[in-house]
Amino acid sequence: MPEGEGVPAWSGERPDMPVGEGIPAWSRERPEAAGPERTRFRPATARDAATVAALHADSWRRNYRGAYTDAFLDGDVLAERLAFWTERLREQASDRFTIVAEEAGSLVGFATSILDEDPTWGALLDNLHIAHTHQRQGIGTRLMALTAEAILEQRPSSGLSLWVLEQNARAQRFYEARGGRCVARDHVHLSGGDPTRLCGEVPKLRYAWPDPATLLITR
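Before going into details, it helps to say that this report is about the structure given with it. Here the structure is a predicted model, which is why all the values come from computation and not from measurement.

With that settled, consider the packing of helix α1 (residues 49-63) against helix α3 (residues 77-91). Direction vectors running N to C along α1 and α3 enclose 135°, while the axes themselves pass 8 Å from each other. Accordingly, the angle class assigned to the pair α1 and α3 is oblique. Seen along the crossing, α1 lies across α3 with a hand that is right-handed. Contacts between α1 and α3 involve A49, A50, V52, A53, A54, H56, A57, W60 and R61 from the former and V77, L78, E80, R81, L82, W85, T86 and L89 from the latter.

Here we come to the nonpolar core. By size, the foremost hydrophobic cluster in this structure holds 27 residues, and its most contacted members are L128, L143, M144, L162, Y175 and W209. With 7 residues, helix α4 (residues 139-154) is the largest single contributor of residues to this core. With 12 residues, the next largest nonpolar core counts A57, A67, L165 and V202 among its residues.

A separate point is the packing of aromatic side chains. In this description, an aromatic ring pair is defined by two values, namely the gap between the centres and the angle between the planes. Under the defined criterion, the tally for this structure stands at 10 aromatic pairs. For the ring pair Y64 and Y68, a centre distance of 5.9 Å and an interplane angle of 10° mean the geometry is stacked. For the pair shown, Y64 and Y68 are each scored as buried. Measuring from ring centre to ring centre gives 6.1 Å for Y175 and W209, while their planes differ by 85°; the resulting arrangement is edge-to-face.

A volume near 1500 Å³ is recorded for the largest pocket. Surrounding the largest pocket, 47 residues form its lining, Y64, D126, N127, H129 and W163 being those nearest its centre. Looking at the lining of the largest pocket, its residues break down into 20 nonpolar, 16 polar and 11 charged.

Glycine aside, the phi torsion of most residues is negative, and most peptide linkages are trans. With a phi angle near 50°, Q92 is a residue other than glycine that sits in the positive phi range. Inspection of the secondary structure assignment puts Q92 in the loop between α3 and β3 (96-103). Look at A104: it is not a glycine, yet its phi comes out positive at around 55°. Structurally, A104 is set in the loop between β3 and β4 (106-118).

Cut-offs and rules
Residues numbered from 1 in each chain as written. Predicted model: local features only at pLDDT ≥ 70, side-chain atom pairs only at ≥ 80, totals over all residues. Heavy atoms only, no water. Axes fitted to C-alpha atoms, helices over the stretch in contact; angles between N-to-C directions. Helix = DSSP H or I, 4+ residues; strand = E, 2+ residues; numbered from the N terminus. Parallel < 35°, antiparallel > 145°, perpendicular 65-115°, else oblique. Left-handed = near helix turned anticlockwise from the far one by under 90°. Contact = heavy atoms within 4.5 Å. Core = buried A, V, L, I, M, F, W, Y, C linked by side-chain atoms within 4.5 Å. Buried < 20%, exposed > 50% of the residue type's maximum accessible area, 1.4 Å probe, protein only. Phe/Tyr/Trp six-rings, centres within 6.5 Å; stacked < 30°, edge-to-face > 60°. 1 Å grid on protein atoms, 1.4 Å probe; cavity = no way out; pocket = protein on both sides within 12 Å on 5 of 7 lines; lining within 4 Å. Points joined across faces, edges and corners; volume = space filled by probe spheres on them. Nonpolar A, V, L, I, M, F, W, Y, C, P; charged D, E, K, R; others polar.

This is the structure we're talking about:
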């Protein structure tokens with residue numbers, strides 16, 4: 001976590017339903033001035049799997065050197081991400097959601113969250129990736145604000161947290177500038193994945209927002 005004021009067909013609205021009724025506010029498609037062109041934010045669908053996977057793989061190749069092996073990043077990372085996102089976006093699970101950002105019909109960012117992921121910290125922002133050509137344009141900030149809005153709508157008392165690689169100092173500065181604080185340290189665990197893809201033990205840090213509403217003021 002857009003274009004026009006109405007509710008688009010993909011939102012599931014019935015023809016006889018008043019506009020906006022029966023769907024969460026965060027999921028209504030809206031244009032936002034996040035970048036130099038009009039940026040469109042909307043919920044992801046199964047049709048987005050290939051473009052989300054491509055952006056995700058490119059982001060890993062640019063930012064995860066030293067955490068994942070070069071053999072994986074230069075090899076089958078795209079195929080692995082495509083399989084992952086094809087399954088995830090096909091599931092449409094009620095406890096998770098993905099918001100995508102588009103400009104001129106091209107995907108430029110996405111954010112995925114899982115509700116109730118941790119008993120202490122609440123929802124997990126599992127992925128936040130912005131195309132390298134569109135960074136520092138406010139898209140990541142807006143995706144985090146929309147994520148917080150969605151979480152507060154569905155779980156009003158929930159907190160929000162995320163994991164970031166310890167080596168990714170630039171991302172840590174981004175989260176700290178938006179009120180996040182480091183609350184834990186752990187190592188990357190590949191659930192169901194191949195551990196040989198990692199460069200040994202890869203440390204990661206948990207950043208948390210006990211009240212996600214603090215992210216709304218940065219929209």
